[in-house]
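# A structural walkthrough
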Amino acid sequence: MDRKHERAAGEREVLGARAAERRTDAGTSRDSGASRRRGPKLEDAILDAAWDVLIEHGYHGFTYEAVAARAGTSRPVLYRRWPQRDDLLLATLTKFWQPIAVPDTGSLRDDAIGFLRNANADRAPTITFMSVQLADYFRDAGTSFSELRHTLLPPGQATAFETIVAHAVERGELPDVPRPSRVVNLPFDLLRHDLLTTMRAVPDESIVEIVDEVWLPLLGASGAPPT
């Protein structure tokens, strides 16, 4: 097993533990009688089972049969809710794709660096996992991690850096002028690139460099405060 897959195996353990903690905290239990579960309770149990299957077996093993068996229900129950396997996959990822906290410190620079640090801590395991476990999905669907991320965002919701820039405009740190989306969202794109290419968390000095030496100059804003 190469380092990439060894690291992905470790991330599977992390994500599995996190999912178990969330289910425990939420008081979710899987009773043995599937007929007792209805509506949201049944859907939660199915999506929990689907996440476990995805972590353990990847997209290749993410089948209706495997998910139904893990959830203690039948394939027709899954088909009625998610007619296509990718529908079930997206529903599963949507449930477990937790939002990253967006700071509101009163400073454009501090908000940007704070968000990248939050993303680095929260997304490193998920991105490593997805890059390995969903490789077949990306290939079959002709899509990418970036496109999947946009799909998982609620319709019409601003990205984190769109929110950060909007707050800076409200405070008067930046002029209220149109900005290309690629420029506004560049910090997270660069962070994601480093996560995908190194398969490990990004060093903090790289996060500061992304903001101070790349992004803020593009926005025409000042970088690091003088020391």
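Residues numbered from 1 in each chain as written. Predicted model: local features only at pLDDT ≥ 70, side-chain atom pairs only at ≥ 80, totals over all residues. Heavy atoms only, no water.

## Notes on the nonpolar core
Nonpolar side chains tend to gather and get buried jointly when the protein is soluble and globular. In this structure, Leu-88, Leu-134 and Trp-215 are the most contacted members of the largest nonpolar core, which totals 60 residues. Looking at this core, the element that brings in the most residues is helix H6 (residues 108-133), giving 10 residues. When sequence neighbours within four positions are dropped, the list of residues in contact with Leu-134 reads Leu-54, Tyr-59, Leu-89, Leu-93, Phe-129 and Leu-148. (Core = buried A, V, L, I, M, F, W, Y, C linked by side-chain atoms within 4.5 Å. Buried < 20%, exposed > 50% of the residue type's maximum accessible area, 1.4 Å probe, protein only. Helix = DSSP H or I, 4+ residues; strand = E, 2+ residues; numbered from the N terminus. Contact = heavy atoms within 4.5 Å.)

## Some words on the packing of aromatic side chains
All chains considered together, the criterion is met by 7 aromatic pairs. Taking the centre distance of 5.4 Å and the plane angle of 65° together, the rings of Tyr-59 and Tyr-137 count as edge-to-face. Highlighted residues: Tyr-59 in the loop between helix H2 (39-57) and helix H3 (64-71) and Tyr-137 in helix H7 (residues 135-141), separated in sequence by 78 residues. Neither Tyr-59 nor Tyr-137 differs from the other in exposure class; each is buried. Relative to Trp-215, the ring of Phe-161 lies with its centre 5.2 Å away and its plane at 75°, an arrangement referred to as edge-to-face. Taken as a pair, Phe-161 in helix H9 (residues 160-171) and Trp-215 in helix H12 (residues 204-219) lie far apart in primary sequence, 54 residues in all. Side by side, Phe-161 and Trp-215 carry an identical accessibility label, which is buried. Every member of this aromatic cluster is reached through a ring pair, and the members are Phe-115, Phe-161, Phe-188 and Trp-215. In this arrangement the basic side chain of Arg-85 is found over the ring face of Tyr-59, its NZ or CZ atom lying 4.0 Å from the centre. (Phe/Tyr/Trp six-rings, centres within 6.5 Å; stacked < 30°, edge-to-face > 60°. Lys NZ or Arg CZ within 6 Å of the ring centre and 35° of its normal.)

## Points about the packing of H6 against H12
One can describe the packing of H6 onto H12 by two numbers: an axis separation of 10 Å at closest approach and a directional angle of 140°. In terms of their interaxial angle, H6 and H12 are classed as oblique. Of the two elements, H6 crosses H12, and the hand of that crossing is right-handed. Together, Leu-108, Arg-109, Ala-112, Ile-113, Leu-116, Arg-117 and Asn-120 of H6 and Asp-204, Ile-207, Val-208, Ile-210, Val-211, Asp-212, Trp-215, Leu-216 and Leu-219 of H12 make up the contact between the two elements. Split by residue class, the contact of H6 with H12 holds 11 nonpolar, 1 polar and 4 charged. (Axes fitted to C-alpha atoms, helices over the stretch in contact; angles between N-to-C directions. Parallel < 35°, antiparallel > 145°, perpendicular 65-115°, else oblique. Left-handed = near helix turned anticlockwise from the far one by under 90°. Nonpolar A, V, L, I, M, F, W, Y, C, P; charged D, E, K, R; others polar.)

## Topic: the pattern of salt bridges
All chains considered together, the criterion is met by 15 salt bridges. Overlapping salt bridges bring together Asp-104, Asp-111, Arg-171 and Glu-173 as one network. (Salt bridge = Lys/Arg side-chain N within 4 Å of Asp/Glu carboxyl O.)

## So, the packing of helix H11 (residues 186-198) against H12
At a minimum axis separation of 10 Å, H11 and H12 run at an interaxial angle of 145°. Viewed along their axes, H11 and H12 form a crossing whose handedness is right-handed. Residues Leu-186, Pro-187, Leu-190 and Leu-191 of H11 lie in contact with H12, whose contacting residues are Ile-207, Ile-210, Val-214, Trp-215 and Leu-218. In terms of residue class, the contact of H11 with H12 is built from 9 nonpolar, no polar and no charged.

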